[in-house]
Amino acid sequence: MSFVVFVKYNDCDAVNFIEGSFIKDTIDYSIIYTFNGIDYRITVCTIRKNDKFTVVEILFDKNIPNEMIAELLSMKWEVFSQCEDAVVQLAACVWKVNDVYIVASVKKCVRLINRRK
């Protein structure tokens, strides 16, 4: 997801991952995201095409901390049906909602090399 736009709606704010002025026919999943020990409700909005999900937007309350917005942006967001085999990067969080798994993964993995002499 390389395209990201911060959007302010009347009732909430959002991070939009898809170019376009209007996204319709989304499948929305409400999850609890814990940040600094506090639970926040966010909504992961997806579209489904050819049995594959694409995360198009994440909705959240206007009062969440800026640091949490940065953390949401630092993740790669994916949705998989529970019967689909999936390989993901280093998963930071996984939620099971109805018949899908929502995965927030670390975008870049750091390779640590232990060099002993």
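Only a predicted model underlies this, so the values are computations on that prediction, with no experimental measurement involved. (Residues numbered from 1 in each chain as written. Predicted model: local features only at pLDDT ≥ 70, side-chain atom pairs only at ≥ 80, totals over all residues. Heavy atoms only, no water.)

Draft legend 1. Spotlight on the state of the cysteines. Inspection of every chain in the model, using the stated rule, returns zero disulfides. As a non-bridged cysteine, C45 has C12 as the owner of its nearest cysteine sulfur, 8.3 Å distant. C45 sits in the buried class, given a relative accessible area of 3%. (Disulfide = S-S within 2.5 Å. Buried < 20%, exposed > 50% of the residue type's maximum accessible area, 1.4 Å probe, protein only.)

Draft legend 2. Local environment of the pattern of salt bridges. One pass over the full model with this rule turns up four salt bridges. The salt bridge partner of K8 is D13, with a shortest N-O separation of 3.8 Å. R48 serves as the salt-bridge partner of D51, at 3.6 Å between the closest nitrogen and oxygen. On the basis of relative accessibility, which here comes to 41%, the residue R48 falls in the partly exposed class. (Salt bridge = Lys/Arg side-chain N within 4 Å of Asp/Glu carboxyl O.)

Draft legend 3. Molecular detail of the nonpolar core. By size, the foremost hydrophobic cluster in this structure holds 25 residues, and its most contacted members are Y33, I42, W77 and I102. Secondary structure elements with two or more residues in this core: β3 (27-35), β4 (38-49), β5 (52-60), α1 (66-74), β6 (75-81), β7 (91-97) and β8 (100-106). With six residues, the next largest nonpolar core counts A14, C45, V56 and L59 among its residues. (Core = buried A, V, L, I, M, F, W, Y, C linked by side-chain atoms within 4.5 Å. Helix = DSSP H or I, 4+ residues; strand = E, 2+ residues; numbered from the N terminus.)

Structural measurements only, silent on function.
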